[in-house]
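Letter by letter, the chains look like this.
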Amino acid sequence: MSQKNKGILLIISSAFFFALMNMMVRLSGDLPSMEKSFFRNFVAMFFSFFMLKRSGTPIRVPKGSLKPLLMRSVCGTVGILCNYYAIDHLMLADASILNKLSPFFAILFSYILLKEKIHPFAAGCVITAFIGSLFIIRPGLGMFTTTFPAFIGFLGGLGVGIAYTYVRILGTHGVKGPFIVFFFSTFSCLVTLPYLILDFHPMSLAQLGCLLLAGLFASGGQFTITAAYTYAPARDISIYDYSQILFSTALGYLFLDQIPDYLSFIGYGIIILASFAMFLFNQRKAATQ
């Protein structure tokens, strides 16, 4: 199997893991997002700590990396909390596609934070993706049942997009992926722990099992997507990350009796087409370099 095919297989696997994570978060029932986030990140913290110990990587903050690590962790935590709120109040597929706006936000904030130039075509794809998101957010239609949760999901994609930008900055500093995951997971656990203590909602064994499985699937998604990008560049495989929408739609239908309406499907189509256009643009750009 070629390096590129290994990357494709791993990124599709990560998409499936994240779709399973979202489903488990929804199946865990009416628990606060803070509580769900704590257990999700606790499992990820344990696995990333194990990976660091196994590889012999020192657990210390590299010089000059504290600020981007904190910014990545703050934005990533906000992204998770918003995503979990959206999962609890929207269709799985709707919440997933809004979270997948993060690559477009990453382009925008790479311009703001890293001063990277945005090609006019890429800017057009970003605008197109935002237009697609409006079919899912539906401003003015069902303010409290649809628009508000969808807007929170949109903010979740924004938070994750900024977090990805800081991951790129950390990569230029030579900070290893498992340490970034460990720092972020530990930070998120510490932030949500006070809420867990002061406003703890008792859980059934089934709910606890769902949250622990959500953390397990999240860890699987984190490590497989990290591995995917070690085998192939983002321009060659990133489009396959959108297979999560297919997985989320199928899981939502099979386990939650969810069927997205036609407006949602229009939004999915526009966002995925914008992503595919970016994919082809990056391929052509790489071929001419």
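What this report covers is the structure whose coordinates are included nearby. (Residues numbered from 1 in each chain as written. Predicted model: local features only at pLDDT ≥ 70, side-chain atom pairs only at ≥ 80, totals over all residues. Heavy atoms only, no water.)

1. Observations concerning helix 8 (residues 177–198)
Working step 1: With 22 residues, helix 8 extends 33 Å from end C-alpha to end C-alpha; this agrees with the ideal 32 Å at 1.5 Å per step.
Working step 2: Of all bends in helix 8, the biggest is about 35°, found at Thr 192, and the proline Pro 194 comes one to four residues later.
Working step 3: Here helix 8 has its buried residues at Phe 179, Ile 180, Val 181, Phe 182, Phe 183, Phe 184, Ser 185, Ser 188, Cys 189, Thr 192 and Leu 196. (Helix = DSSP H or I, 4+ residues; strand = E, 2+ residues; numbered from the N terminus. Expected span 1.5 Å × (residues − 1). Bend = angle between axes of the 7 residues up to and from the residue. Buried < 20%, exposed > 50% of the residue type's maximum accessible area, 1.4 Å probe, protein only.)

2. Quick notes on the side chain of Ser 275
Working step 1: Looking at the element boundaries, Ser 275 is found in helix 12 (residues 262–287).
Working step 2: In terms of polar contacts, Ser 275 uses its side chain to reach the side chain of Tyr 242, at 3.0 Å. (Polar contact = N/O pair within 3.5 Å; in protein donor to acceptor, adjacent residues only side chain to side chain.)

3. Let's talk about the nonpolar core
Working step 1: Counting 48 residues, the largest nonpolar core has Met 21, Ile 97, Leu 98, Leu 101, Phe 104 and Ile 271 as its most contacted members.
Working step 2: Setting aside residues up to four positions removed in sequence, Leu 101 forms contacts with Ala 129, Ser 133, Phe 154 and Ile 271.
Working step 3: Judged by nonpolar contacts, the second largest core, of nine residues, contains Met 45, Leu 52, Leu 170 and Phe 182. (Core = buried A, V, L, I, M, F, W, Y, C linked by side-chain atoms within 4.5 Å. Contact = heavy atoms within 4.5 Å.)

4. A short note on the packing of helix 2 (residues 33–55) against helix 8
A pair of packed helices is captured by two measures, namely the crossing angle of their axes and the spacing between those axes.
Working step 1: Where helix 2 meets helix 8, the closest approach of the two axes is 8 Å, and the angle between their N-to-C directions is 150°. Considering the relative orientation of helix 2 and helix 8, their crossing is left-handed.
Working step 2: In terms of residue class, the contact of helix 2 with helix 8 is built from 18 nonpolar, seven polar and two charged. (Axes fitted to C-alpha atoms, helices over the stretch in contact; angles between N-to-C directions. Left-handed = near helix turned anticlockwise from the far one by under 90°. Nonpolar A, V, L, I, M, F, W, Y, C, P; charged D, E, K, R; others polar.)

5. Here's the deal with the pattern of salt bridges
Working step 1: Within the structure shown, the criterion is met by two salt bridges.
Working step 2: Put simply, Lys 36 and Asp 88 hold a salt bridge, and the shortest N to O gap is 2.7 Å. In this pair, Lys 36 is assigned in helix 2 and Asp 88 in helix 3 (residues 66–89), connecting sequence segments 52 residues apart.
Working step 3: On the accessibility criterion, Lys 36 (0% relative accessible area) is buried.
Working step 4: The shortest N-O distance in the salt bridge between Asp 241 and Lys 100 comes to 2.9 Å. Of this pair, Asp 241 sits in the loop between helix 10 (234–237) and helix 11 (243–256) while Lys 100 is found in the loop between helix 4 (92–99) and helix 5 (102–114), placing the two residues 141 residues apart along the sequence.
Working step 5: Judged by relative accessible area, which is 8%, Lys 100 ranks as buried. (Salt bridge = Lys/Arg side-chain N within 4 Å of Asp/Glu carboxyl O.)

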